[in-house]
Amino acid sequence: MNHPLPASDATLAARFKERGLPLTQQRRAIYEFLRSSREHPSAEDIYLKLKPRQHGLSLATVYKTLHTLEHLGLARAVDTPHSQTRFDALTGTHHHAICTACGRIEDLFDPRLDALKLPASAGGFEPLDHSVHFRGLCAACRKRAPKDALLRSAPDTGRRANS
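Residues numbered from 1 in each chain as written. Predicted model: local features only at pLDDT ≥ 70, side-chain atom pairs only at ≥ 80, totals over all residues. Heavy atoms only, no water.

1. A word on the overall build of the protein
For clarity, the threshold we go by: A run of H or I in DSSP becomes a helix once it reaches four residues, and a run of E becomes a strand once it reaches two; helices and strands are each numbered from the N terminus. Buried, partly exposed and exposed residues are distinguished by accessible area as a fraction of the type maximum, computed with a 1.4 Å probe on protein chains only: under 20%, between the cut-offs, and over 50%, respectively. The contact criterion used throughout is that any non-hydrogen atoms of two residues lie within 4.5 Å.
Helix and strand counts for the protein stand at 7 helices and 5 strands. Counted from the first residue to the last, the protein has its helices and strands arranged as α-α-α-α-β-β-β-β-α-β-α-α. Going through the 163 residues of the protein one by one, you find that 32% of them count as buried. In the protein, the proportion of contacts linking residues at least 24 apart, taken out of those at least 6 apart, comes to 50%.

Encoded structure:
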């Protein structure tokens, strides 16, 4: 199975040129960092890693660049249960497993998830795209967590779990 790949340098340059936007050295560095990371970094993560090497880089520049990359179809925001939005340079169809304890995000590639269709009860809504996000505990956090913590991490459905 072919997994989506981040955009190449040529695609990055072409997208900026198509929109008449300058591809500055800072914008390129931010995208290269995002593209090379499988950690789905936040804007703050990117800023802290690049600041020592990028003279004059501000957190505002990182945020603006990430939003520009989203607008150009070169990055996607991944919402997490934690307060920070994380970013992904893989924009092709794929899904995520998100650990609610440590915040780890794993990319998932599965044609069965890709083929999901909306039920008829969606009232005529026509999706342009979809991404499935599983929330729970990663293997490392499950090993560390006592059994009662696993129950507490589950969303409240208003029903009591049988013990």
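2. Details of the pairing of strand 3 (residues 95–99)
Operational definition: Should DSSP find at least two bridges between two strands, the strands are taken to pair.
Among the 5 residues in strand 3, 4 count as buried, and that is most of the element. Alignment of strand 3 against strand 4 (residues 105–108), held across 4 bridges, turns out to be antiparallel. Paired with isoleucine 98 across the strands is isoleucine 105, a residue of strand 4. The hairpin formed by strand 3 and strand 4 contains 5 residues between the paired strands, and glycine 103 there has a positive phi angle of roughly 85°. As paired elements, strand 3 and strand 5 (residues 133–136) share 4 bridges and run parallel to each other. For alanine 97, the partnering residue across the bridge sits in strand 5 and is phenylalanine 134.

3. As for the nonpolar core
In plain terms, the rule: To define a nonpolar core, start from buried Ala, Val, Leu, Ile, Met, Phe, Trp, Tyr and Cys residues and group those joined through side-chain atoms within 4.5 Å.
Counting 20 residues, the largest nonpolar core has Ile46, Leu66, Leu69 and Leu74 as the members making the most contacts within it. Looking at this core, the elements that each hand over two or more residues are helix 1 (9–18), helix 2 (25–36), helix 3 (43–50) and helix 4 (59–71). Of all the elements, helix 2 adds the most residues to this core, at 5 residues. If sequence neighbours within four positions are ignored, leucine 69 has contacts with Leu12, Phe16, Tyr31, Leu74 and Ala75.

4. Details of the side chain of arginine 86
For the record, the criterion: For the charge count, each Lys or Arg is scored as positive and each Asp or Glu as negative, with His and the chain ends excluded. Salt bridge, as used here, is a side-chain nitrogen of Lys or Arg placed within 4 Å of a carboxyl oxygen of Asp or Glu. Side-chain atoms alone can form a polar contact between residues adjacent in sequence; in general such a contact is a pair of N or O atoms within 3.5 Å, and within protein one must be able to donate a hydrogen while the other accepts it.
Topologically, arginine 86 is positioned in strand 2 (residues 86–88). In this structure, arginine 86 is buried with no salt-bridge partner, the nearest side chain bearing the opposite charge being aspartate 45 at 4.6 Å. Side-chain polar atoms of arginine 86 contact the backbone oxygen of glycine 103, separated by 2.7 Å. If sequence neighbours within four positions are ignored, arginine 86 has contacts with Glu39, His40, Pro41, Ser42, Arg76, Ala77, Val78, Thr80, Gly103 and Ile105.

5. Side note on the packing of helix 2 against helix 4
Condition: Helix axes are fitted only over the stretch in contact, all axes being lines through C-alpha atoms; the angle between N-to-C directions runs from 0 to 180 degrees. Under this scheme an angle from 65 to 115 degrees is roughly perpendicular, one under 35 degrees roughly parallel, and one over 145 degrees roughly antiparallel; angles in between are oblique. Asp, Glu, Lys and Arg are counted as charged, while Ala, Val, Leu, Ile, Met, Phe, Trp, Tyr, Cys and Pro are counted as nonpolar; the rest, among them Gly, fall into the polar class.
The interhelical angle for the contact between helix 2 and helix 4, taken along N-to-C directions, is 70°, at an axis separation of 10 Å. Between helix 2 and helix 4, the angle falls in the class roughly perpendicular. Within the contact between the two elements, helix 2 uses Gln26, Arg27, Ile30, Tyr31 and Leu34 and helix 4 uses Thr61, Val62, Thr65, Leu66 and Leu69. When its residues are assigned to classes, the contact of helix 2 with helix 4 shows 6 nonpolar, 3 polar and 1 charged.

6. Section: the packing of helix 2 against helix 3
For the record, the criterion: Take the far helix as your reference; a near helix turned counterclockwise from it by less than a right angle gives a left-handed crossing, and one turned clockwise gives a right-handed crossing.
Where helix 2 meets helix 3, the closest approach of the two axes is 11 Å, and the angle between their N-to-C directions is 110°. The angle between helix 2 and helix 3 falls in the class roughly perpendicular. Along this stretch, helix 2 crosses helix 3, giving a crossing that reads as right-handed. Mapping the contact onto sequence places Ala29, Ile30, Phe33 and Leu34 in helix 2 and Ile46, Lys49 and Leu50 in helix 3. The class makeup of the residues in the contact of helix 2 with helix 3 is 6 nonpolar, no polar and 1 charged.

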